[in-house]
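Residues per chain, in single letters:
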Amino acid sequence: MPSSRGCSTGPVTATMNDKFKDECGVFGIVGHPEAAKLAYLGLYALQHRGQESGGIVSSDGLKLRAERGMGHVADIFGEDVLARLTGSSAIGHVRYSTAGESRLANAQPLLIECVHGEVAVCHNGNLVNQRELREWLTSQGAIFQTSSDTEVFLHLYAHSRARAGEEALIEAVAQAQGAFSLLFLLRDRLIAVRDPHGFRPMALGRLGDGWVVASETCAMDLIGATYERDVEPGEVLIIGPDGLKSVKPFPRAAISHCIFEHVYFARPDSLVFGQSVNEVRTNLGRLLAREAAVPADVVVPVPDSGVCASVGYAEMSGVPLQFGLIRNHYVGRTFIEPRQSIRHFGVKVKLNPVRSILDGRRVVLIDDSLVRGTTSRKLVKMIKAAGAKEVHVRISCPPTVSPCFYGIDTPRRSDLIAATHTLDEIRRYIEADSLQYLSLEGLLRAVADRADQYCTSCYTGNYPVPFPRDEAQYLQLPLALDTRGQIDR
Ligand code: SF4
């Protein structure tokens, strides 16, 4: 069984995380006298998409100014820092590193000055051809300052012989393949670009006479902006002195929105790909109950990730929903573990069972995903230790069997428990009385008439955009499965 940093009992420090990692969030604003302050608030709302670093670049029409730092938005930006970010337009970014190390040099937005003038960029997604582009650029004399794939865009831009900044940007972006929702800030304009497949979300809103662009609409709600529409796949939006201009310079491609945004990443109060995340996520729970209901006394969500699906499951099954696990919201990413081991310590720091809800009950435990299984195993044990008679685990998406190459940090395939073990082996490993996942058909039904516009590669292994051959190692399985039923090594 692959080990998890989160549930190890050996080391002195431990973390609890058995999820795909969040990716990045972008926010941009044009035409507001307090652009940087609103960018700060927008990033605050997008903090769930990345907690390693954050940054804002503003423009006063003459000069771009950048402030970036490691950690959470609230820790990076004080009044004094924001006061330095003058001007009426700004872009900002929160980052979880999916490509490149976690260090300040990789924090975004990146800002350079080149033959086309000053430009800043921030990026949500992952390029599949970044290595080839990087090698070519290096052979042309480019010197990279970061290990992030986002820097590739800046070098391509600087190398472009196009005369206008806009043309040079489009020429640069056209060479990239993979997933990218990008914001560029020039002295007098903001340019938003979404890849032709539309992997990662990006929405457009209005705030008075100004414009706002953000990964999720929850960032607009906080600042009182109104959602207008999504930036369309393959669209380049130029927002500058002449207002808003839209061009579609790239060849059309099949739409492949990341369905995991609805399953797990995005906030339920957001609209993503034009659909309410809460609605889709609650639907996943309803469909899960329709496919895999089990006689039980209580539905218990894994907080916060399983809450929406639990509401749907309880509504459809008629089994009451109760919060049998309480989350401590003040836990950092790591914590000190005592040398004298405490039972279920790693998971208990974050979640504690409510004995009066669980004792003597048949429990349906609902979560939104099961990646390595280590956290589910701890939770089932903990709920049983609190007196539950039975624990039935229900997962509101299909088994995750393949890694992501489009901007989500996933383990390699050999570390995904569903890629290497049967349903019953997983059930025995997590020590549940039963285990069921939502089917792929159910998942697609939850996004209704747009089912053909979603990427589902991590559930199917069918990839809409080819990835580099040397990354095929991520798809390799172990040579033999452990068939003894004793999966926990
Ligand atoms: S592979 Fe999975 S996580 Fe990655 S873009 Fe596709 S649906 Fe999203």
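Residues numbered from 1 in each chain as written. Predicted model: local features only at pLDDT ≥ 70, side-chain atom pairs only at ≥ 80, totals over all residues. Heavy atoms only, no water.

Enquirer: Which residues make up the site of the ligand, and what values do they have?
Expert: As a matter of local geometry, the ligand sits amid Cys 258, Ile 259, Phe 260, Cys 404, Tyr 406, Ile 408, Cys 455, Ser 457 and Cys 458. If you map the ligand onto the pockets, it falls in the largest cavity. The residue makeup of the shell around the ligand, split by class, is eight nonpolar, one polar and no charged. (Near = heavy atom within 4 Å. 1 Å grid on protein atoms, 1.4 Å probe; cavity = no way out; pocket = protein on both sides within 12 Å on 5 of 7 lines; lining within 4 Å. Sits in = over half its atoms within 2 Å of the grid points. Nonpolar A, V, L, I, M, F, W, Y, C, P; charged D, E, K, R; others polar.)

Enquirer: Describe in detail helix α1 (residues 35-45), supporting the description with residues and values.
Expert: Of all 11 residues in α1, eight are buried, a share of seventy percent or more. Among the residues of α1, Ala 35, Ala 36, Leu 38, Ala 39, Tyr 40, Gly 42, Leu 43 and Ala 45 are the ones counted as buried. (Buried < 20%, exposed > 50% of the residue type's maximum accessible area, 1.4 Å probe, protein only. Helix = DSSP H or I, 4+ residues; strand = E, 2+ residues; numbered from the N terminus.)

Enquirer: A description of the pairing of strand β7 (residues 117-127) should follow, citing residues and the corresponding values.
Expert: Among the 11 residues of β7, 11 are classified as buried, and the element is accordingly described as predominantly covered. As defined by bridge partners, strand β6 (residues 110-114) adjoins β7 across five bridges and the pair is classed as antiparallel. Bridging from a neighbouring strand, Glu 113 pairs with Glu 118 of β7. Linking two consecutive strands that pair antiparallel, namely β6 and β7, is a turn of two residues. Across eight bridges, the pairing between β7 and strand β8 (residues 178-185) is antiparallel. Note that in β8 the partner of Asn 126 across the bridge is Ala 179. (Pairing = 2+ DSSP bridges.)

Enquirer: Could you give an account of the nonpolar core, with specific residues and numbers?
Expert: Counting 75 residues, the largest nonpolar core has Phe 260, Leu 365, Val 393 and Tyr 406 as the members making the most contacts within it. Among the elements that line this core, the one with the most residues is helix α9 (residues 277-292), at six residues. If we skip the residues at most four places from it in the chain, Phe 260 touches Phe 20, Phe 265, Ser 369, Cys 458 and Tyr 459. Counting residues in each nonpolar core, the second largest holds 29 residues, with Cys 114, Leu 127, Leu 133 and Phe 153 among its members. (Core = buried A, V, L, I, M, F, W, Y, C linked by side-chain atoms within 4.5 Å. Contact = heavy atoms within 4.5 Å.)

Enquirer: Tell me what's going on with unusual backbone geometry, and back it up with residues and numbers.
Expert: Of the consecutive residues Gln 108 and Pro 109, the connecting peptide bond is found in the cis state with omega at 5°. Topologically, Pro 109 is positioned in the loop between β5 (89-95) and β6. Here the residue pair Pro 303 and Asp 304 is connected by a cis peptide bond, since its omega of -10° sits within 30 degrees of zero. Tracing the sequence through the fold places Asp 304 in the loop between β18 (298-301) and α10 (307-317). One non-glycine residue, Phe 273, lies in the positive phi region at around 55°. Along the chain, Phe 273 turns up in the loop between β16 (271-272) and β17 (275-276).

Enquirer: Outline the sheet that holds strand β14 (residues 243-247), supporting the account with residue identities and numerical values.
Expert: Spatial ordering of the open sheet is given by β6-β7-β8-β9-β13-β14, a layout of six strands whose pairing is antiparallel. The open sheet has two edge strands with one neighbour each: β6 and β14. Put simply, the sheet's adjacent strands are angled 20° from each other on average, direction ignored. Sheet strands in contact with helix α6 (residues 165-174) are β8, β9 (190-194), β13 (236-240) and β14, and its direction is about 160° off that of β8. (Axes fitted to C-alpha atoms, helices over the stretch in contact; angles between N-to-C directions.)

Enquirer: Run through the environment of Pro 303, naming residues and quoting values.
Expert: Tracing the backbone shows Pro 303 in the loop between β18 and α10. A relative accessible area of 12% places Pro 303 in the buried class. In sequence terms Pro 303 and Lys 350 are 47 residues apart; their C-alpha atoms lie 9.6 Å from each other.

Enquirer: Let's hear about the packing of aromatic side chains: which residues, and what values?
Expert: Taken as a whole and judged by the stated rule, the model has 12 aromatic pairs. Each ring, one from Tyr 264 and one from Phe 265, has its centre 5.2 Å from the other, and the planes form 55°; the classification is tilted. Ring-pair connections join several aromatic residues into one group, and the members of that group are Phe 199, Phe 405, Tyr 406 and Tyr 463. When the ring centre of Trp 211 is taken as reference, the NZ or CZ atom of Arg 206 above it lies at 3.8 Å. (Phe/Tyr/Trp six-rings, centres within 6.5 Å; stacked < 30°, edge-to-face > 60°. Lys NZ or Arg CZ within 6 Å of the ring centre and 35° of its normal.)

Enquirer: So what about empty space enclosed by the protein? Which residues, and what values?
Expert: Scanning the model with the defined rule gives three cavities of 30 Å³ or more in all. Each pocket or cavity is described by its volume, and for the largest cavity that value is around 100 Å³. As for the largest cavity, its lining consists of 16 residues, and the residues nearest its centre are Cys 258, Cys 404, Tyr 406, Cys 455 and Cys 458. Residue composition of the lining of the largest cavity, by class: 13 nonpolar, two polar and one charged. (Points joined across faces, edges and corners; volume = space filled by probe spheres on them.)

Enquirer: Could you give an account of the pattern of salt bridges, naming the residues involved and the relevant values?
Expert: Pairs can form between side chains of opposite charge once their charged atoms are near each other. Tallying each qualifying case throughout the model produces 23 salt bridges. In this structure, Arg 229 and Glu 235 form a salt bridge, with 2.9 Å as the shortest nitrogen-oxygen distance. Linked through salt bridges whose partners overlap, the residues forming this network are Arg 49, Arg 200, Glu 216 and Glu 261. (Salt bridge = Lys/Arg side-chain N within 4 Å of Asp/Glu carboxyl O.)

Enquirer: Any details on the packing of helix α4 (residues 130-139) against helix α5 (residues 151-159)? Residues and values, ideally.
Expert: Between α4 and α5, the shortest axis-to-axis distance is 10 Å and the interhelical angle comes to 45°. If you check the angle between α4 and α5, you find them oblique. As α4 runs across α5, the sense of the crossing is left-handed. Together, Gln 130, Leu 133, Arg 134, Trp 136 and Leu 137 of α4 and Val 152, His 155, Leu 156 and His 159 of α5 make up the contact between the two elements. Its residues assigned to classes, the contact of α4 with α5 shows five nonpolar, three polar and one charged. (Parallel < 35°, antiparallel > 145°, perpendicular 65-115°, else oblique. Left-handed = near helix turned anticlockwise from the far one by under 90°.)

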